[in-house]
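Summary of structural features
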Amino acid sequence: MTEEPRRPLRTCLGCGKKQTKVLLRRLVLDEKNQPLFDRSQAAPGRGAYLCGPGCLQAAVKRKAFHRAFKKDVAVDVPNLEAAFLRQTND
Ligand SMILES: [Zn+2]
């Protein structure tokens, strides 16, 4: 295994742990202010990161989405959770 020269750290919205980007899932807002997983991991705009499905609930409780996106965000938890699990199983 080769070391990556640059390893930008991102903070998980749920648990607050700092991890390298590759271990986190990126979320962006759609036009209805719904957080969606950014499959490309490179969509323009402000992003937020989660490290696991459990952290989704924690992030909602902490109102971390609101803070991360600097606006009111309508989080559809069951839908997002399902999307998270689908991605993890890919
Ligand atoms: Zn986390």
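Above this text you will find the structure in question.
Conventions used here
Residues numbered from 1 in each chain as written. Predicted model: local features only at pLDDT ≥ 70, side-chain atom pairs only at ≥ 80, totals over all residues. Buried ≥ 20, exposed ≤ 12 C-beta atoms within 10 Å, placed from the backbone. Helix = DSSP H or I, 4+ residues; strand = E, 2+ residues; numbered from the N terminus. Arc of directions from axis to C-beta. Pairing = 2+ DSSP bridges.

The next subject is helix H1 (residues 53-61). Along H1, the positions that sit buried rather than exposed are Cys 55, Leu 56 and Ala 59. Down the axis of H1, the smallest arc covering the buried residues is 115°, so these residues share one side. Looking one or two residues past H1, Lys 63 carries a phi angle of roughly 55°, positive in sign.

Here strand E3 (residues 25-29) shows a clear split, with Arg 25, Leu 27 and Leu 29 buried on one side and none of Arg 26 and Val 28 buried on the other. Joining the antiparallel neighbours E3 and strand E4 (residues 35-37) is a turn of five residues, in which Asn 33 adopts a positive phi near 60°.

To continue, consider the environment of Pro 78. Assignment of secondary structure puts Pro 78 in helix H3 (residues 77-89). Owing to 8 C-beta atoms within 10 Å, Pro 78 belongs among the exposed residues under this scheme. Considering only alpha carbons, one finds Pro 78 and Gln 57, 21 residues apart in sequence, at a separation of 9.5 Å.

Keep in mind that these numbers describe shape and distance, not what the molecule does.
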